[in-house]
Amino acid sequence: QVQLVESGGGLVQAGGSLRLSCTDSRRTFSNNAVAWFRQAPGKEREFVAAASWNGGITNYADSVKGRFTISRSSASLVTLQMNSLKPEDTAVYYCAASRLAVPPGTARSDYNRWGQGTQVTVSS
């Protein structure tokens, strides 16, 4: 059963921006660390960004530092602002929630609830 719902994906040209959103359809994840992962065709799912329960601690993959920003907009909404997009950012992006408040882990095993993903395609 899907608990987390992502939206905001789409097709954008290189250098453009997109804002992804993740909402919790069952209960708020205000007390949980949350993260974004992505999976490109033929590749493993990889960590993108994470935030602690109150957004006070964040982690980013080196490949997105300075371009992407994870934010906790409310108790049930997490966003990922993606700027200066590159073709290599093309992937399905997944939202995930942890059982814990901290730390905002970078491993898939740190998270126990997942969304179904939203496609992001960046054209060159």
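The structure presented is a predicted model; accordingly, all values stated were derived computationally and were not measured.

What follows is about the pairing of strand S9 (residues 91-97). In terms of burial, S9 is largely enclosed, as six of its seven residues are buried. Pairing geometry for strand S4 (residues 34-39) and S9, over six bridges, is antiparallel. Paired with Arg38 across the strands is Tyr93, a residue of S9. Looking at chain direction, S9 and strand S10 (residues 113-114) are connected through two bridges and run antiparallel. The residue of S10 that forms the bridge with Ala97 is Arg113.

The next subject is the sheet that holds strand S3 (residues 18-24). Overall, antiparallel pairing links the four strands, which are arranged S1-S3-S8-S7 in an open sheet. The sheet is open, and its two edges are formed by strand S1 (4-7) and strand S7 (68-74), each paired on a single side. The mean inter-strand angle of the sheet, taken between neighbouring strand axes irrespective of direction, is 20°. Inspection of the sheet shows S7 paired to strand S8 (residues 77-82) by six bridges, in the antiparallel sense.

The rules we used
- All residue numbers refer to position in the chain's written sequence, counted from 1.
- The predicted nature of this model means local features are confined to residues of pLDDT at least 70 and side-chain atom pairs, given and counted, to a pLDDT of 80 or more, with totals for whole chains, interfaces and linings taken over all residues.
- Only hydrogens and water are removed before side-chain values are computed, so all heavy atoms of the structure are retained for them.
- Accessible area is worked out with a 1.4 Å probe on protein chains only. A residue is then buried under 20% of its type maximum, exposed over 50%, and partly exposed in between.
- The way it works is that DSSP assigns letters per residue, a run of H or I at least four long becomes a helix, a run of E at least two long becomes a strand, and they are numbered from the N terminus.
- Strand pairing follows a simple DSSP-based rule, namely that at least 2 bridges must link the two strands.
- For helices, the fitted axis covers only the stretch in contact; all axes are lines through C-alpha atoms, and the angles between them, taken along N-to-C directions, range from 0 to 180 degrees.

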